[in-house]
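Fold and contact review
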Amino acid sequence: MQQVDTDDVRIERLGPVGRIVLDRPRALNAITLAMVERIHAALEEWRGAGLRAVVVESASERAFCAGGDIRRVRENSLAGRHEESMRFFETEYAVNALLGSYPVPVVALVGGICMGGGMGLSVHGTFVVVSPEASFAMPETKIGFFPDVGGSHFLPRLPGHTGRYLGLTGARIGAADALALGLATHACSAADLARLPELIAGYDGPLEQLLRELAPSSPGPAGALAPVRPELEWVFSSPDLTGIHSRLGRLVADGGPAATWAGETLAALEAASPYSLAMTDRLLVEGRGRSLEECLQAELVSAAAMIRSADFVEGVRSVLVDKDHAPTWSTPVPG
């Protein structure tokens, strides 16, 4: 096995399989500029290497990747080092685009937390394999940002209005919901997930056949979204954010089976940055008609504006720095 060790990501070759192993467990594999630069370089090097597949995985059972190192981006914003942050986003989005058009299958192995930038490292590839412990979220509106890494491309393409719900609220979903919505393609046990790189390296048939063979005999319980899907579709089909708030309020007042879900969803929206919500909703609408590359370019323009906003600095402070979860939003909502 050929291996290149770094502090936070390992780039390996296991026969015909390229392995990208995220190895920053104390930070839940939050990705840095150096990490995405190494990943980008490996993907470029492997383009013509005749590989059978590329596997993106984690050295930690707790998390696949909790997102980008947003605390560092905030530090850059406070110090006026916006160029460094933009290098990070440019390289990260270039990785996302590569994964979405790679010449050999890309297999993401998700066995824990997968949020933000972790979604960008998983959902654009060919296969996303989950264990029962996997969870997914795009929680950026809570920190004064927006669902990037191609979120404006993959979220609007989820069934019904579930992408709008996930993008605006930052709700976390488990493996069953991810499979039902298409954010994940296959499931297996945690033990099988850990040995998949070796299985792929020694398998001569189609990868999809191997992944189907590893699927559990029982599909397991339905996801948490299944019981509230009718209400979710009604609420998030509203033409604007005001209508979403109004419909959630009606469900809460009615006191029916979906009242608890509606109350939690309303609280999530009220806790988010209004600037972020407006930006997110616009990008999701526009993303329906854009390619992945076009979405990433639009997100890059939006990121340049967002990291200079007071809401981004305040949101990251409240959630990741002081952790008081009591932000004071002040950035005007874009017209």
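Residues numbered from 1 in each chain as written. Predicted model: local features only at pLDDT ≥ 70, side-chain atom pairs only at ≥ 80, totals over all residues. Heavy atoms only, no water.

As named in an unreviewed UniProt entry, the protein is 3-hydroxyisobutyryl-CoA hydrolase, taken from Nocardioides kongjuensis. Here is the UniProt Catalytic activity (unreviewed entry) comment for the protein, exactly as written: "3-hydroxy-2-methylpropanoyl-CoA + H2O = 3-hydroxy-2-methylpropanoate + CoA + H(+)". (UniProt positions renumbered as here; feature names shortened; annotations may be inferred.)

Thoughts on the sheet that holds strand β5 (residues 63-65)
Spatially, β5-β7-β9-β10 is the arrangement adopted by the four strands of the open sheet, whose pairing is mixed. For this open sheet the edge positions go to β5 and β10 (173-174), each flanked by a neighbour on one side alone. The pairing of strand β9 (residues 135-137) with β10 spans two bridges and is antiparallel. Following the sheet pairing, Ser135 is matched in β10 by Gly174. (Pairing = 2+ DSSP bridges. Helix = DSSP H or I, 4+ residues; strand = E, 2+ residues; numbered from the N terminus.)

Looking at the pattern of salt bridges
The full count for this structure, using the stated rule, is 18 salt bridges. Its salt-bridge partner being Glu44, residue Arg47 comes within 2.9 Å of it at the nearest N-O pair. As a salt-bridge pair, Asp322 and Arg317 come within 2.9 Å of each other at their nearest N and O atoms. The partly exposed category is assigned to Asp322, whose relative accessible area is 47%. Where salt bridges share partners, they join Arg10, Glu12, Arg19, Asp23, Glu57 and Glu198 into one cluster. (Salt bridge = Lys/Arg side-chain N within 4 Å of Asp/Glu carboxyl O. Buried < 20%, exposed > 50% of the residue type's maximum accessible area, 1.4 Å probe, protein only.)

Re the packing of helix α1 (residues 33-46) against helix α3 (residues 82-100)
Relative orientation of the contacting elements α1 and α3 amounts to 35 degrees, with a least axis distance of 9 Å. In terms of crossing hand, the pair formed by α1 and α3 is left-handed. When α1 is examined against α3, the residues Leu33, Val36, Glu37, Ile39, His40, Leu43 and Glu44 are found in contact with a partner set consisting of Arg87, Phe88, Thr91, Glu92, Ala94, Val95, Leu98 and Leu99. Among the residues forming the contact of α1 with α3, the class breakdown is nine nonpolar, two polar and four charged. (Axes fitted to C-alpha atoms, helices over the stretch in contact; angles between N-to-C directions. Left-handed = near helix turned anticlockwise from the far one by under 90°. Contact = heavy atoms within 4.5 Å. Nonpolar A, V, L, I, M, F, W, Y, C, P; charged D, E, K, R; others polar.)

Looking at the pairing of strand β3 (residues 17-22)
The side chains of a regular strand alternate between the sheet's two faces. Burial runs high along β3: six of the six residues are buried. Residues Val17, Arg19 and Val21 of β3 are buried on one face, and the alternating residues Gly18, Ile20 and Leu22, pointing to the opposite face, are buried as well. Sheet topology note: the strand β2 (residues 9-14)/β3 ladder contains six bridges and is antiparallel. When the sheet's bridge partners are listed, Leu14 is paired in β3 with Val17. The turn linking β2 back onto β3 is made up of two residues, and Gly15 within it adopts a positive phi angle of 60 degrees. Note: β3 against strand β4 (residues 53-58), six bridges, orientation parallel. Among the inter-strand pairings, Val21 is bridged to a residue of β4, identified as Glu57.

Some details on the side chain of Glu92
One can find Glu92 in helix α3. Salt bridges are absent for the buried Glu92, whose nearest opposite-charge side chain, Arg24, sits at 11 Å. (Lys, Arg positive; Asp, Glu negative; His and termini not counted.)

Let's talk about the environment of Ala108
Take Ala108: it is sitting in strand β6 (residues 106-110). Distance from Ala108 to Ala262, taken between C-alpha atoms, is 32 Å for residues 154 residues apart in sequence.

Digging into the packing of aromatic side chains
Throughout the structure, instances matching the rule amount to seven aromatic pairs. Ring centres of Phe145 and Phe312 lie 5.7 Å apart, and the angle between their planes is 55 degrees; this geometry places the pair in the tilted category. Residue Phe145 is found in the loop between β9 and α5 (151-154), and its partner Phe312 is found in helix α15 (residues 310-321); the two are separated by 167 residues along the sequence. An identical accessibility class is assigned to Phe145 and Phe312; each is buried. Between Tyr165 and Trp261 the ring centres are 5.8 Å apart and the planes differ by 45 degrees, which places this aromatic pair in the tilted class. Linking Tyr165 in helix α6 (residues 162-169) with Trp261 in helix α12 (residues 259-271), this pair joins segments that are 96 residues apart in sequence. Considered together, Tyr165 and Trp261 belong to a single accessibility category, that of buried residues. An aromatic cluster is defined as three or more aromatic residues linked by ring pairs; in this entry it consists of Phe88, Phe89, Tyr93, Phe145, Phe146 and Phe312. (Phe/Tyr/Trp six-rings, centres within 6.5 Å; stacked < 30°, edge-to-face > 60°.)

Examining the nonpolar core
One finds Phe89, Phe136 and Trp261 to be the most contacted residues of the largest nonpolar core, which totals 87 residues. Here this core gets eight residues from one element, more than from any other, and that element is α3. When residues no more than four places from it in sequence are discounted, the contact partners of Phe136 are Val110, Cys114, Met119, Ser122, Val128, Val130, Ala171, Arg172, Ile173 and Ala178. (Core = buried A, V, L, I, M, F, W, Y, C linked by side-chain atoms within 4.5 Å.)

Here we look at unusual backbone geometry
In this structure, Val149 is a non-glycine residue whose phi angle is positive, near 45 degrees. Take Val149: it is sitting in the loop between β9 and α5. In this model, His325 sits at a positive phi of 50 degrees, which is unusual for a non-glycine residue.

Brief notes about the side chain of Ser238
Along the chain, the position of Ser238 falls in the loop between α10 (229-236) and α11 (241-254). When sequence neighbours within four positions are dropped, the list of residues in contact with Ser238 reads Arg164, Gly243, Ile244 and Arg247.

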